[in-house]
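This is what each chain is made of:
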Amino acid sequence: SSRRRHTRLQGDWSSDVCSSDLVALACGILKANIHITAVDFSWNAITDSGFNEVLKLLRRNSGISSVSFAHNMLCDESIRDLHSSIHQLHHFTSLDLSYNAITTEVYPDIVRILLHNAQLKEVHLQGNRIPPAKLQVIEFLAGVNKNAADAMRSILTNELQVEGKVFYPPSARIRRSK
């Protein structure tokens, strides 16, 4: 059917290695039901290691477009893992990472995630350790539609500057100035 399907997975993801039963359950649900488009992992005490395990499952299911990890125990390492996987998660349109322990340190990674995934229209990061001004930039980038994102990428052929730091798009040749 064309009806949107949601799945909420609840359990204890807080151990260093996720509970194998819960990972198996999540894997089974995600594999068995290709019609799931939204998954809610919020309020599960998921840590960075648990996030990495869940991310492996999400990379295999291209039908999922909306994911919530709100109110967990995610830190900066989760954003780094997400950034390294973003080319495999091009189907994401909504990502909720609110109320975790994500800091300003990974702000450039978040910006890159948004610039490399034009389909990502909603990113929720409130309740983390990111100042409101930076959250506004993230919300703006998330709201840019695909055509505008493509135009922005073509304008940024050489570099992107965020708070005085220079970041190069993957297709650009790296040039460093002193």
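Rules and cut-offs
- Residues numbered from 1 in each chain as written.
- Predicted model: local features only at pLDDT ≥ 70, side-chain atom pairs only at ≥ 80, totals over all residues.
- Heavy atoms only, no water.
- Helix = DSSP H or I, 4+ residues; strand = E, 2+ residues; numbered from the N terminus.
- Buried < 20%, exposed > 50% of the residue type's maximum accessible area, 1.4 Å probe, protein only.
- Contact = heavy atoms within 4.5 Å.
- Areas by Shrake-Rupley, 256 points an atom, 1.4 Å probe, with all protein chains shown as cover.
- Phe/Tyr/Trp six-rings, centres within 6.5 Å; stacked < 30°, edge-to-face > 60°.
- Axes fitted to C-alpha atoms, helices over the stretch in contact; angles between N-to-C directions.
- Parallel < 35°, antiparallel > 145°, perpendicular 65-115°, else oblique.
- Left-handed = near helix turned anticlockwise from the far one by under 90°.
- Nonpolar A, V, L, I, M, F, W, Y, C, P; charged D, E, K, R; others polar.
- Pairing = 2+ DSSP bridges.
- Right-handed = clockwise from strand over helix to strand, strands pointing away.
- 1 Å grid on protein atoms, 1.4 Å probe; cavity = no way out; pocket = protein on both sides within 12 Å on 5 of 7 lines; lining within 4 Å.
- Points joined across faces, edges and corners; volume = space filled by probe spheres on them.

A. Highlighting the overall build of the protein. Each helix and strand in the protein was counted, giving six helices and seven strands. In the protein, buried positions account for 47% of the 178 residues. Expressed as a percentage of contacts within the protein between residues at least 6 apart in sequence, the contacts between residues at least 24 apart total 78%. Of the roughly 9700 Å² of accessible surface on the protein, 53% is carried by carbon and sulfur atoms.

B. Focus on the environment of Phe41. Position of Phe41 relative to the elements: it lies in the loop between strand 2 (36–40) and helix 2 (48–60). Residue class for Phe41 comes out buried when judged on its relative accessible area of 0%. Along the sequence, Phe41 and Phe69 sit 28 residues apart, while their C-alpha atoms lie 5.0 Å from each other.

C. Region of interest: the packing of aromatic side chains. Under the definition given, this model contains two aromatic pairs. Ring geometry for Phe41 versus Phe69: centroids 5.1 Å apart, planes at 10°, classification stacked. Separated by 28 residues along the polypeptide, Phe41 in the loop between strand 2 and helix 2 and Phe69 in the loop between strand 3 (66–68) and helix 3 (76–85) bring together distant segments of the chain. Overall, Phe69 belongs to the buried group, its relative accessible area being 1%.

D. Seen up close, the packing of helix 4 (residues 107–116) against helix 5 (residues 132–143). Remark: helix 4 packs on helix 5, axes separated minimally by 9 Å, with the N-to-C direction vectors making an angle of 10°. Between helix 4 and helix 5, the angle falls in the class roughly parallel. For the pair helix 4 and helix 5, the sense of crossing is left-handed. On helix 5, the residues touching Tyr107, Ile110, Val111, Leu114 and Leu115 of helix 4 are Lys134, Val137, Ile138, Leu141 and Ala142. In terms of residue class, the contact of helix 4 with helix 5 is built from nine nonpolar, no polar and one charged.

E. Spotlight on the pairing of strand 2. Where strand 2 and strand 3 come together, three bridges link them in parallel fashion. Looking at the pairing, Ala38 lines up with Ser66 of strand 3. The parallel pair strand 2 and strand 3, bridged by helix 2, forms a crossover whose chirality is right-handed.

F. How the structure looks around empty space enclosed by the protein. One pass over the full model with this rule turns up two cavities of 30 Å³ or more. Estimated volume of the second largest cavity: approximately 50 Å³. Looking at the second largest cavity, the residues that line it are Ile79, Leu82, Leu95, Leu97, Ile110, Ile113, Leu114, Leu120, Val123 and Leu125. Broken down by secondary-structure element, the contributors of at least two residues to the lining of the second largest cavity are helix 3 and helix 4.

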